[in-house]
Amino acid sequence: MKKVKTADKESHSPLSFLKNLLIARWRSLLLLLIGVYLPFQVFEILTVKIWENKAGFPWDVPILLAVHSTANPQLDVLAVTLAKIGDPWTAVPILGAIALILLLQKRWRSLAYLLTASVGSMIINRTAKELMHRVRPQLWQSIAPESSFAFPSGHAMTSITLVAILLFLTWDSSRRWLVLIFGSLYVIAIGWCRLYLGVHFPSDVLAGLMVALGWTIGVSLIIKPYRTIAKSVDGDRPKDETTLLPEERELITKE
């Protein structure tokens with residue numbers, strides 16, 4: 001009897017409620033801090049500094065020159081190939097094919113995440129480029145020149161957006177580790193090729209990675225593409241993919 005009274009007392013205590021809430025939601029809060037706040041904070045710092053000084057950071061040019069010092073014909077071919085693979089327009093048919101598969105499978109929550117994350121990333125990139133008007137490096141004649149503005153890197157944003165989408169879509173399977181490992185290597189390779197070709201400052205690439213990371217993780221916390229139930233034996237689709245979650249229904253009812 002005393003235990004029941006103690007539990008009732010604790011349940012009505014604000015401190016006890018806060019403690020239990022933090023214990024229950026610590027993973028989400030940690031992901032919000034590391035995956036959303038910190039990347040956006042880095043992007044904000046980079047944006048403000050570049051807005052104040054178009055020349056960029058003291059470490060931009062030395063890093064570019066160090067990467068360029070490794071230039072050779074073999075790396076030239078690799079960098080140009082990676083630039084074509086990582087081009088934002090190259091990602092469109094890939095994402096379109098994935099979207100079609102999700103549509104046919106009636107994985108509507110996953111489809112909503114893919115469309116929101118990819119389209120939003122594209123809008124953020126174009127908007128930031130037009131607002132910042134940062135010119136590209138002119139340290140040497142690039143073998144794959146670009147004419148648009150530099151900040152943030154569209155290739156960097158596209159690569160991490162694509163990897164994040166694939167990672168969240170495979171979150172409940174063992175394939176997520178393959179996506180994480182090869183996806184990380186892919187993102188690093190794309191970032192390297194932009195520096196090797198001399199078409200981006202390191203701060204452009206870093207800004208693109210940070211804002212795309214924060215955006216894709218932030219969208220995932222809202223849409224929750226990983227909130228699915230395993231398929232049944234008869235092959236029915238997961239219920240959460242074709243229906244709203246209870247909390248989502250409640251929000252619509254309130255509105």
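Residues numbered from 1 in each chain as written. Predicted model: local features only at pLDDT ≥ 70, side-chain atom pairs only at ≥ 80, totals over all residues. Heavy atoms only, no water.

K.L.:
Just checking my understanding: could you explain the packing of aromatic side chains for this structure?
P.N.:
The geometry of two aromatic rings is summed up by the distance between their centres and the angle between their planes. This structure, assessed with the given rule, holds five aromatic pairs. Here the aromatic rings of Y113 and F168 are separated by 5.6 Å at their centres, their planes lie at 80°, and the arrangement is edge-to-face. In this pair, Y113 sits in helix α6 (residues 108–132) while F168 sits in helix α7 (residues 154–169), placing the two residues 55 residues apart along the sequence. Comparing Y113 with F168 shows no difference in burial state: the two are buried. (Phe/Tyr/Trp six-rings, centres within 6.5 Å; stacked < 30°, edge-to-face > 60°. Helix = DSSP H or I, 4+ residues; strand = E, 2+ residues; numbered from the N terminus. Buried < 20%, exposed > 50% of the residue type's maximum accessible area, 1.4 Å probe, protein only.)

K.L.:
How should I be thinking about the environment of T70 in this particular structure?
P.N.:
Along the chain, T70 falls in the loop between α3 (60–68) and α4 (73–85). When its relative accessible area of 39% is taken as the criterion, T70 is described as partly exposed. C-alpha separation for the pair T70 and Y196, spaced 126 residues apart in sequence, amounts to 8.5 Å. If we skip the residues at most four places from it in the chain, T70 touches L75 and Y196. (Contact = heavy atoms within 4.5 Å.)

None of the figures reported here should be taken as evidence of function without further support.
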